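Structural overview
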There are 2 protein chains.
Amino acid sequence: MKQQDVFKAMADPTRRAILKRLQGGALTAGEIGEGFDITPASLSHHFAVLRQADLVRTERRGQFIVYSLNSTVFEDLARMLIDFFPNLGGGKK
Amino acid sequence: MKQQDVFKAMADPTRRAILKRLQGGALTAGEIGEGFDITPASLSHHFAVLRQADLVRTERRGQFIVYSLNSTVFEDLARMLIDFFPNLGGGKK
DNA sequence: GCAATATTTAGATAAATATCTAATAATCTA
DNA sequence: TAGATTATTAGATATTTATCTAAATATTGC
């Protein structure tokens, strides 16, 4: 996991909104796009950034591409954040 | 605490390095600058971004300006991060 | 195979960001 | 008070990023 990629991905409000949407479960690219005032092309760019950061996973289902949160990355992510904000961690360290 | 300001502040590697340095305790602007290959002016810009995000505090001490981590912000920060990455939270929710 | 649908990629442009040099502000000391 | 030190602000420039339109790719169903 590349720290820089993750923080960069999180720096954009549209991408954070995408992550929040995916908390409700996997969605197709088109479904995610609904409600965003942005072209599919731009959205696709954001997906690429999120994928680069390994925050989301993709799976093709017919014509659709389904996005979901990459849950396996959360442990690494937690470690990384605690590294910066020690107070997040419960340990006495 | 403005979410956008915090994430934006964290997106830059120099600023993350500044935060890490401050984990060892408060430092003057000049002390922080040592070891960074960057002008004082640029560094000052980074400080402004960190201050805007409320991640650091400043205090003038004579000619020096002393920077320190703003520890009171960590609880808000934790809440914010858990909002995005529920697995970070211990609760069963 | 062809048209329709869903998504991505390519290429261009506008806005945001990081950086620099030069100038300014605040404080200390002789 | 003048000069030195520390840091910030102003203004300019180069890079990065977000966005768009247009074109390309992948899949489905006829």
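In what follows, the structure referred to is the one given above.
Worth saying up front: this structure is predicted, and the values here are computed from it rather than measured.

Hydrogen bonds between backbone atoms are what pair the strands of a sheet, whose relative direction is either parallel or antiparallel. All names here are of chain B. Taking strand neighbours across the sheet as the criterion, the 3 strands line up as 1-3-2 in an open arrangement whose pairing is antiparallel. The two strands at the open ends of the sheet, each matched to only one other strand, are strand 1 (27-28) and strand 2 (56-61). With 6 bridges connecting them, strand 2 and strand 3 (residues 64-69) associate as antiparallel partners. Bridge pairing links Arg61 to Phe64 in strand 3. Helix 2 (residues 13-22) contacts strand 1, strand 2 and strand 3 of the sheet and is inclined by roughly 90° relative to strand 3.

In this complex, chain B contributes 16 residues to the contact, which on the side of chain A involves 17 residues. For the side of chain B that touches chain A, the elements supplying multiple residues, two or more each, are helix 1 (3-10), helix 2 and helix 5 (74-84) of chain B. The element best represented in the side of chain B that touches chain A is helix 5 of chain B, accounting for 5 residues. Looking at the side of chain B that touches chain A, its residues break down into 12 nonpolar, 2 polar and 2 charged.

Close contacts around DNA strand D come from 24 residues, with Ala41 and Ser42 of chain A together with Thr28, Gly30 and Ala41 of chain B the closest. The residue inventory of the surface near DNA strand D, partitioned by class, reads 10 nonpolar, 11 polar and 3 charged.

Here the focus is the environment of Glu75 of chain B. All names here are of chain B. As for its position among the elements, Glu75 is in helix 5. For Glu75, a count of 12 C-beta atoms within 10 Å puts it in the exposed group. Between the C-alpha atom of Glu75 and that of Gly33, which follows or precedes it by 42 residues, the distance is 28 Å.

Let's shift gears to the environment of Ile18 of chain B. Residues and elements named next belong to chain B. Tracing the sequence through the fold places Ile18 in helix 2. Here the alpha-carbon distance between Ile18 and Leu69, two residues 51 residues apart in the chain, equals 9.8 Å. Setting aside chain neighbours within four positions, we find Ile18 in contact with Ile32, His46 and Leu50.

Reading the values: rules and limits
- Residues numbered from 1 in each chain as written.
- Chains lettered and ligands numbered in written order.
- Predicted model: local features only at pLDDT ≥ 70, side-chain atom pairs only at ≥ 80, totals over all residues.
- Pairing = 2+ DSSP bridges.
- Helix = DSSP H or I, 4+ residues; strand = E, 2+ residues; numbered from the N terminus.
- Contact = placed C-beta atoms within 7 Å.
- Axes fitted to C-alpha atoms, helices over the stretch in contact; angles between N-to-C directions.
- Nonpolar A, V, L, I, M, F, W, Y, C, P; charged D, E, K, R; others polar.
- Near = placed C-beta within 6 Å.
- Buried ≥ 20, exposed ≤ 12 C-beta atoms within 10 Å, placed from the backbone.

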